[in-house]
Amino acid sequence: MVAALPPEHDEPGFTPIRPVDVQPLGPPRPDSPSPSPSSSSPSPGPHPAAQEAPGVAARTVLIAAIVLVVLGLALMAGLQWLNRPPAPAASGAAATASAPAEADDPADGAPPAVTATPAPWDNPEALQARARAQALADTLAERITALEARAVTQWAAAPFAAAQAQQAAAEAQMRARQFSAAAEQYAAADAAFAALQTRVPEVLREALNAADAALQTGDAEAAGRAVALATAIDGDSAAVQAVAARLTTLPEVMERLRAAEAAEQAGDLPGAEQGFRDAVAVDGEMQRAREGLARVGGVQAKARFQQVMGEALTALDAARFEAAEAALSRAAALRPGDAAVRAAQSRLADARRAQRIDGLMQQASAAVADERWDAAAQHYQAVLAEDAHRAEAQAGLRMAQPRAALAAQMHTLISQPQRLYAPAVQAEAEQLLDSAQALAPAGPRLRGQISALQAQLAAARTPVAVRLTSDGATEVTVYRVGDQGRFTDRQLQLLPGRYIAVGARRGYRDVRVEFGVTPGQPVTVAIRAEDAL
């Protein structure tokens with residue numbers, strides 16, 4: 001800031017300002033002589049001066065205020081004039097030229113002429129420049145304090161000194177009352193200091209980066225210098241405190257690193273991994289330790305993966321599919337999405353499918369041998385569901401399906417012989433027998449079915465002895481056979497099947513008798529109308 005200069009009371013041409021006694025206008029004061037009562041007008045009423053007293057008093061106050069303002073301005077002007085710097089001494093030709101003038105002083109001792117110095121208030125622009133310069137000087141003081149708190153002399157000594165030189169030049173111009181030039185110089189210095197302030201974050205960041213780089217290489221000396229600078233700039237910063245803490249642990253970290261790298265070189269991968277892990281635990285930002293841990297871990301993971309894949313392939317070759325699947329699951333966990341694992345898993349799936357197909361084909365062959373054609377057809381269909389182009393299964397299915405259908409039909413007729421009593425079913429049985437006899441080779445089961453069906457068909461076509469008894473008075477009719485008339489005992493030869501005999505007699509209710517004829521089993525049926533009306 002610019003300091004005020006002390007007044008110089010003994011300066012030539014200085015004339016002190018004295019107070020002026022101003023008499024106010026208006027009625028005379030009480031101590032002034034007043035006219036005698038005899039000279040006053042005898043007429044009653046107020047005096048004219050008394051009527052004008054309020055207006056005169058107002059004018060008196062106004063004039064007194066004006067005088068006080070003028071006195072104040074004069075006093076300020078005198079102080080400013082007293083604060084002007086002394087006139088510089090003349091040099092060179094100017095001093096030589098002034099010598100005759102001194103010799104020509106009047107002999108009568110008259111005082112020399114004094115040239116008046118212009119006062120600042122005579123130039124409003126100068127007053128504005130002085131105010132601006134003073135404000136800039138205050139700003140500079142704040143910037144300098146802030147920069148010194150950021151240790152500016154440690155990272156920008158030369159620019160800071162240059163800005164201070166500009167500040168000093170501005171102060172000199174202020175003392176010379178060159179306010180406009182001083183304001184410009186202050187502005188230039190302010191810009192220089194402001195530029196330094198804007199560099200503080202960048203310088204701090206560079207110091208932190210330099211500290212980290214030195215720590216990564218184990219250079220404790222360089223790291224210490226960088227940490228010291230960062231601490232001087234902003235010791236309260238969390239980042240600065242963190243890097244300072246890393247500096248204190250650097251010896252321990254480097255010792256663990258060297259031990260881990262030595263173990264790695266010796267092939268002791270578990271020991272190396274533990275050493276790198278310990279180093280990372282001390283300084284998690286130590287890239288060298290993290291890279292070493294990843295490198296050793298990768299080598300060990302690769303070895304484990306190769307071992308597990310070997311186990312999986314060995315189990316796969318031996319058709320131990322459960323063991324192969326478990327090993328491949330571990331390999332996939334070690335390397336998710338690995339191509340070798342996917343290929344082995346695909347191979348395992350193919351082997352399992354082939355195993356299932358082989359099993360189904362074996363079951364189908366066993367069913368064919370037992371002439372269980374329906375089961376054989378189901379096995380062949382299951383094989384084709386796994387492999388639609390399996391020719392062996394296709395051929396087996398073409399053979400098994402018609403035989404399964406034929407065997408099912410023959411089984412139905414054999415298990416329900418009464419159906420053969422119908423002529424249409426007998427014709428169907430004959431067709432089935434023709435188809436069955438045409439198959440070759442015919443297994444024991446088929447031959448048994450053919451024999452059984454032929455026997456049942458022959459039995460269904462062989463008449464059976466049926467004895468009818470009556471009372472000789474009842475008219476007997478056998479449906480599908482004919483009227484039998486009246487008789488007491490009659491023999492018929494009927495084919496196996498169901499029959500109805502009806503007896504009628506006048507005066508009696510008709511009688512209806514149903515009976516069945518079974519191959520090889522003679523039957524007796526009594527028909528008598530005995531219920532009188």
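Residues numbered from 1 in each chain as written. Predicted model: local features only at pLDDT ≥ 70, side-chain atom pairs only at ≥ 80, totals over all residues. Heavy atoms only, no water.

**Student:** What is the right way to read empty space enclosed by the protein from this model?
**Tutor:** Gaps left between atoms are located by rolling a probe of water-molecule size over the structure's atoms. Summed over all chains, the structure comprises one cavity of 30 Å³ or more. By volume, the largest cavity amounts to about 70 Å³. As for the largest cavity, its lining consists of Glu371, Trp373, Arg403, Leu406, Ala407, Leu439, Arg445, Leu446 and Gln449. Where the lining of the largest cavity is concerned, the elements lending two or more residues are helix 15 (391-415) and helix 17 (444-460). (1 Å grid on protein atoms, 1.4 Å probe; cavity = no way out; pocket = protein on both sides within 12 Å on 5 of 7 lines; lining within 4 Å. Points joined across faces, edges and corners; volume = space filled by probe spheres on them. Helix = DSSP H or I, 4+ residues; strand = E, 2+ residues; numbered from the N terminus.)

**Student:** Help me understand the pairing of strand 3 (residues 482-485) in this model?
**Tutor:** Within a regular beta strand, the side chains point alternately toward one face of the sheet and then the other, so they alternate between its two faces. Judged from the three bridges that link them, strand 2 (residues 475-478) and strand 3 form a sheet pairing that is antiparallel. Paired with Thr477 across the bridge in strand 3 is Asp483. Following strand 2, the chain reverses through three residues before pairing antiparallel with strand 3; Arg480 in that reversal takes a positive phi of roughly 65°. (Pairing = 2+ DSSP bridges.)

**Student:** Please clarify how the environment of Arg356 should be interpreted in this entry.
**Tutor:** Here Arg356 shows up in helix 13 (residues 339-369). As a C-alpha pair, Arg356 and Val383 span 27 residues in sequence and 8.1 Å in three-dimensional space.

**Student:** Honestly, the nonpolar core in this entry has me stumped. Any pointers?
**Tutor:** Most often, soluble globular proteins keep nonpolar side chains buried together rather than apart. One finds Trp155, Tyr186, Phe193, Leu196 and Leu257 to be the most contacted residues of the largest nonpolar core, which totals 51 residues. Ala367, Val368, Ala376 and Tyr380 belong to the second-largest nonpolar core, a separate cluster that totals 18 residues. (Core = buried A, V, L, I, M, F, W, Y, C linked by side-chain atoms within 4.5 Å. Buried < 20%, exposed > 50% of the residue type's maximum accessible area, 1.4 Å probe, protein only.)

**Student:** Whenever I open this one, the side chain of Asp190 confuses me. Can you help?
**Tutor:** Of note, Asp190 is situated in helix 6 (residues 179-198). A residue is classified by how much of its surface remains accessible, and Asp190, at 14% relative accessible area, is buried. Those residues in contact with Asp190 that lie beyond four places of it in its chain are Thr139, Leu140 and Arg143. (Contact = heavy atoms within 4.5 Å.)

**Student:** What is the right way to read the side chain of Arg246 from this model?
**Tutor:** Mapped onto the fold, Arg246 is located in helix 9 (residues 238-265). The exposure class of Arg246 is buried, given its relative accessible area of 12%. Within the structure, Arg246 has its side chain in polar contact with the side chain of Asp212 (distance 2.8 Å). Within the structure, Arg246 has its side chain in polar contact with the side chain of Asp283 (distance 3.0 Å). What Arg246 contacts, discounting residues up to four positions off in sequence, is Asp212, Leu215, Gln216, Asp283, Glu285 and Met286. (Polar contact = N/O pair within 3.5 Å; in protein donor to acceptor, adjacent residues only side chain to side chain.)

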